[in-house]
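Okay, here's what each chain looks like letter by letter:
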Amino acid sequence: MSDLVRLSFSIEKSLLERLEGLIKGSGYQNRSEYIRDMIRGRVVQQQWQRNEEALGTVTLLYDHHARGLDGRLNQLQHEHHGAILASTHVHLDRQICVEMIMIRGRASQIKHIHDQLAKQKGVVYSSLSISSTGKKLIPRHHH
Ligand code: NI
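Residues numbered from 1 in each chain as written. Predicted model: local features only at pLDDT ≥ 70, side-chain atom pairs only at ≥ 80, totals over all residues. Heavy atoms only, no water.

Turning our eyes to something else, we now look at the coordination of the nickel ion. Taken together, H89 (NE2), H91 (ND1) and C97 (SG) make up the protein donors of the nickel ion, found 2.0 to 2.3 Å from the metal. When the donor residues of the nickel ion are listed from N- to C-terminus, their spacing reads H-x1-H-x5-C. Classification of H91 as exposed rests on a relative accessible area of 60%. Judged by its relative accessible area of 2%, C97 is buried. (Donors = N, O, S within 2.8 Å, 3.2 Å for Na, K, Ca; no water. Buried < 20%, exposed > 50% of the residue type's maximum accessible area, 1.4 Å probe, protein only.)

See below:
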C-alpha cells in the first residue's frame with residue numbers, strides 16, 4: 001500500500017463517540033479499516049444507484065411440493081444464463097428447499113431477475129444481497 005495517505009478531519013465530539021461505539025460493537029480492531037470499509041460500502045451503494053455492473057446474490061426459500069415451481073425457477077435461470085454465475089440448491093428438509101443464485105449484470109438486471117424469481121407462487125421468502133464485482137474497490141496492478 002505505497003499510495004497510502006494520512007488525513008485529518010473535523011468531526012463533532014458526539015459523532016466521534018458514535019463512531020467509536022460503532023467500531024467497538026463491530027469487532028474491528030482498527031479505526032482506519034472500519035472507515036475504509038464504510039467508504040467501500042458507500043461506493044457499492046452508489047454503483048447500484050447508478051445502475052452500473054454489479055454482483056448480487058439471491059436467496060430463495062421455497063416449498064418443494066409447490067406444483068411446477070422447480071421447473072419454473074430452472075426455466076427462469078436458463079433464460080438469464082448469461083448473467084447467472086452459479087447457483088446452489090440445498091434440500092433443507094423433506095419439504096423446504098433453499099437456493100442461492102449469484103448474478104452478475106447491471107443492477108437493474110439483477111433486480112429484475114430477483115423479482116421474477118421472488119414472485120413465483122410457492123416461494124415463501126427471498127432476499128437480494130447487493131455486492132460488487134470489485135473493479136472500483138481493489139487497487140489495480142499495472143503490468
Ligand atoms: Ni430441494
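Moving on, we get to the environment of E53. As for its placement among the helices and strands, E53 is situated in strand β1 (residues 53-63). Classification of E53 as partly exposed rests on a relative accessible area of 32%. Those residues in contact with E53, other than ones at most four positions away along the chain, are Q47, R104, G105, R106, T133 and K135. Of note is the side chain of E53, whose polar atom sits 3.0 Å from the side chain of K135. (Helix = DSSP H or I, 4+ residues; strand = E, 2+ residues; numbered from the N terminus. Contact = heavy atoms within 4.5 Å. Polar contact = N/O pair within 3.5 Å; in protein donor to acceptor, adjacent residues only side chain to side chain.)

The next thing to look at is the domain arrangement of the protein chain. Looking at the protein chain, the domain boundaries give domain 1 (13-49) and domain 2 (53-131). Domain 1 and domain 2 are separated by 31 Å when their C-alpha centres are compared. (Domains from an automatic or database assignment.)

Further remarks concern helix α1 (residues 13-26). Helix length check: α1, at 14 residues, gives a terminal C-alpha distance of 20 Å against a target of 20 Å (1.5 Å per residue), a fit within 8%. Phi turns positive, to about 85 degrees, at G27, one or two residues after α1. (Expected span 1.5 Å × (residues − 1).)

Next up on the list: a nonpolar patch on the surface. A surface patch of nonpolar side chains, amounting to about 480 Å² of accessible area, comprises L7, F9, I11, L15 and L16. For L7, the position within the fold is in the segment before α1. (Patch = residues over 30% accessible without salt bridge, like charges linked within 9 Å, V, L, I, M, F, W, Y side chains within 5 Å. Areas by Shrake-Rupley, 256 points an atom, 1.4 Å probe, with all protein chains shown as cover. Salt bridge = Lys/Arg side-chain N within 4 Å of Asp/Glu carboxyl O.)

Ordered by their spatial adjacency, four strands build an open sheet running β2-β3-β1-β4, and the pairing between neighbours is antiparallel. Two strands bound the open sheet, and with one partner strand each, they are β2 (84-91) and β4 (123-131). Strand-to-strand, the axes of this sheet are offset by a mean angle of 15 degrees, without reference to chain direction. Taken together, the seven bridges between β2 and strand β3 (residues 96-106) define a ladder with antiparallel strand orientation. If you follow H91 over to β3, its bridge partner there is C97. Packed onto the sheet, helix α3 (residues 69-79) meets β1, β2, β3 and β4 and runs at close to 170 degrees relative to β1. Sheet strands touched by helix α4 (residues 107-118): β1, β3 and β4. Its angle to β3, the strand with the most contacts, is close to 160 degrees. (Pairing = 2+ DSSP bridges. Axes fitted to C-alpha atoms, helices over the stretch in contact; angles between N-to-C directions.)

Quick look at α4 now. Side chains of residues three or four places apart in an α-helix project in the same direction, reflecting 3.6 residues per turn. Compared with the 16 Å implied by 1.5 Å per residue over twelve residues, the 16 Å span of α4 between its first and last C-alpha is a close match. Within α4, burial applies to A107, I110, I113, H114 and L117. The arc that holds the buried residues of α4, viewed along the axis, is 130 degrees, so those residues lie on one side. Along its buried surface, α4 packs onto α2 (31-49), β1, α3, β3 and β4. (Arc of directions from axis to C-beta.)

Below, the discussion takes up the side chain of S132. Along the chain, S132 turns up in the segment after β4. Judged by its relative accessible area of 11%, S132 is buried. Of note is the side chain of S132, whose polar atom sits 3.4 Å from the side chain of Q47. Polar side-chain contacts of S132 include one of 2.8 Å to the backbone nitrogen of G134. Once you skip the residues sitting within four places of it in the chain, S132 turns out to touch V44, Q47, L55 and L137.

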